[in-house]
Each structure stands twice: as C-alpha cells, then as structure tokens.
Amino acid sequence: MPHIGLGRIYWFSAAHRLHSPSLSDAENFMIYDKCNNINGHGHDYKLEVTVSGELHPETGMIMSLAELDRVVNDLLKTMDYKHLNKETEFFKNHIATGEIIIQFLWQELNKRLPRNLLYHLKLWETNNNYFETGRKNR
Ligand code: NI
C-alpha cells in the first residue's frame, strides 16, 4: 500500500534579523544583505504540515484535524506576531533563517504530535522561496 498523507496549511507572521554572531558586521552584511537590517523585517509565513500513518479503523482517519490544529496552533502562537530574535527563547541563540526555523518546527511538532505521524513540512517565507524537511517514504 502506498502511504496516505493528510496535509493542512497554517499561517503565522513574524519578524527576524539574519545575523551571525560568529561573523563580522561586514561579513554579515555581505552574506545576508538587506536581511541583516538592524531593526529586522517581517514575513507572512505559510506552513504546510503533512502527517502520515495508519488509518484508525474506527474513524478512517490518520488523526483528528482538531487535534492537529491544537498541536500546531499551540506552537505557532509562540511565534506569531513576534520578533523571533528578541521574543522567542530559541531564536535568541539561533539564527532565524528559514532552514533553522523549519528545523525548529520539525523538532517541536515531532515532540508534540502522536509518535511518528509527522511526515513533511514546507515553510514558505515569500512567494518565491520555501524550505522543506521530512521523512523518507515509508
Ligand atoms: Ni527575512
């Protein structure tokens, strides 16, 4: 049987500044360009979450959408309308690139969702760039 996935889309808005403490100011500006702007800038992030697993015989579903919404929204509300570098514990010490944001989202959602259900994440930062991570096909 091919795997069956259940996908759902979430939105959150957040500000960040891309700046690496291990690089000089000039290097930071060269690498991150305008994203290194000292006061930061914002994005409307779109997050696609896919879970995959066995269907429950009683419900015919992988998991309840209400439960998925509760878990994802609980996490995203810690980031929504925040300046990530200044207002979230994790990004005070980690660079808020899309790559690291999606790594953080994976780790947190994987901890909070029922075991092994998280399958794929896709994080749109703008209309033109996205980041993704996930499991291999099972
Ligand atoms: Ni940005």
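You'll find the structure just up there.
What this report covers is the structure whose coordinates are included nearby.

### As for the overall build of the protein
Counting its regular elements, the protein contains five helices and five strands. Written out in order from the N terminus, the α and β elements of the protein read β-α-β-α-β-α-α-α-β-β. In terms of overall dimensions, the protein has a C-alpha envelope of 60 × 25 × 25 Å along the principal axes. For the protein, the proportion of its 138 residues judged to be buried stands at 39%. For the protein, the accessible surface area stands at approximately 8,500 Å², while carbon and sulfur atoms represent 52% of it. Positive and negative side-chain charges in the protein, numbering 16 and 17 respectively, have mean positions lying 3 Å apart.

### Describing the coordination of the nickel ion
Around the nickel ion, the protein supplies His 16 (NE2), His 41 (NE2) and His 43 (NE2) as donor atoms, at distances of 2.0 Å. For the nickel ion, all donor residues lie on one chain, and their spacing in sequence is H-x24-H-x1-H. Of this pair, His 16 sits in strand β1 (residues 5–16) while His 41 sits in strand β2 (residues 41–52), placing them 25 residues apart in sequence. Classification of His 41 by relative accessible area gives partly exposed; the value is 22%.

### Regarding the nonpolar core
Generally speaking, a soluble globular protein has its nonpolar side chains buried in company with each other. Within the largest apolar cluster, 31 residues are counted, with the highest numbers of intra-cluster contacts made by Val 49, Met 79, Ile 101, Leu 105, Leu 109 and Leu 121. Secondary structure elements with two or more residues in this core: β1, β2, α2 (65–76), α5 (98–112) and β4 (118–124). Per-element tally for this core: the top contributor is α5, with six residues. If we ignore the near neighbours within four places in the chain, the residues touching Val 49 are Leu 6, Gly 7, Arg 8, Tyr 10, Leu 68, Val 72, Leu 109, Leu 118, His 120 and Leu 121.

### Overview of the packing of aromatic side chains
Per the counting criterion, the structure on display carries five aromatic pairs. With a centroid separation of 4.9 Å and an interplanar angle of 80°, the aromatic rings of Phe 90 and Phe 91 are classed as edge-to-face. Residue Phe 91 is classed as buried on the basis of its relative accessible area of 2%. Taken together, the ring pairs connect Phe 90, Phe 91 and Phe 104 into an aromatic cluster.

### Things to note about the side chain of His 16
With relative accessibility at 1%, the residue His 16 sits in the buried group. When residues no more than four places from it in sequence are discounted, the contact partners of His 16 are Gly 40, His 41, His 43, Tyr 45, His 83, Leu 84, Asn 85, Ala 96 and Glu 125.

### Description of the sheet that holds β2
Taken in spatial order, the five strands make up an open sheet running β3-β1-β2-β4-β5, and their pairing is mixed. Here the strands that pair on one side only, and so sit at the sheet edges, are β3 (82–83) and β5 (130–134). The strands touched by α2 are β1 and β2; relative to β1, the strand with the most contacts, the crossing angle is about 15°. Against the sheet, α5 contacts β2, β4 and β5, and its axis sits at roughly 150° relative to β4.

Conventions used here
- Every residue gets a number counted from 1 within its own chain, in the order that chain's sequence is written.
- The model is predicted, so local features are restricted to residues of pLDDT at least 70 and side-chain atom pairs to those at 80 or more, both for listing and for counting; the totals for chains, interfaces and linings are taken over all residues.
- Water and hydrogen atoms were dropped before computing side-chain values, which therefore reflect all heavy atoms in the structure.
- Secondary structure counts use DSSP, requiring at least four H or I residues in a row for a helix and at least two E residues in a row for a strand, with both numbered from the N terminus.
- Per-residue accessibility, obtained with a 1.4 Å probe over protein chains only, is compared with the maximum for each type, and a residue is labelled buried under 20%, exposed over 50%, and partly exposed between these values.
- The method behind every accessible area is Shrake-Rupley, applied with a 1.4 Å probe, and residues are considered shielded solely by the protein chains displayed.
- The charge count treats Lys and Arg as positive and Asp and Glu as negative. His and the chain ends do not count.
- Where a charge sits is defined by one atom per residue type, namely NZ (Lys), CZ (Arg), CG (Asp) or CD (Glu).
- Sites may look incomplete, because water is not among the atoms used; the donor set itself consists of N, O and S atoms within 2.8 Å of the metal (3.2 Å for Na, K and Ca).
- Think of a nonpolar core as a cluster: buried Ala, Val, Leu, Ile, Met, Phe, Trp, Tyr and Cys residues, connected wherever their side-chain atoms sit within 4.5 Å.
- When checking whether two residues touch, look at their non-hydrogen atoms; a contact exists if any pair is within 4.5 Å.
- Aromatic contacts are taken between Phe, Tyr and Trp rings whose centres are within 6.5 Å, Trp giving its six-membered ring; a plane angle under 30 degrees counts as stacked, one over 60 as edge-to-face, and the others as tilted.
- The pairing criterion is simple: DSSP has to find at least two bridges between the two strands.
- Only the contacting stretch of a helix is used when fitting its axis, a line to C-alpha atoms as for every element, and angles between N-to-C directions run 0 to 180 degrees.

Treat this as a map of the structure, not an account of what it does.
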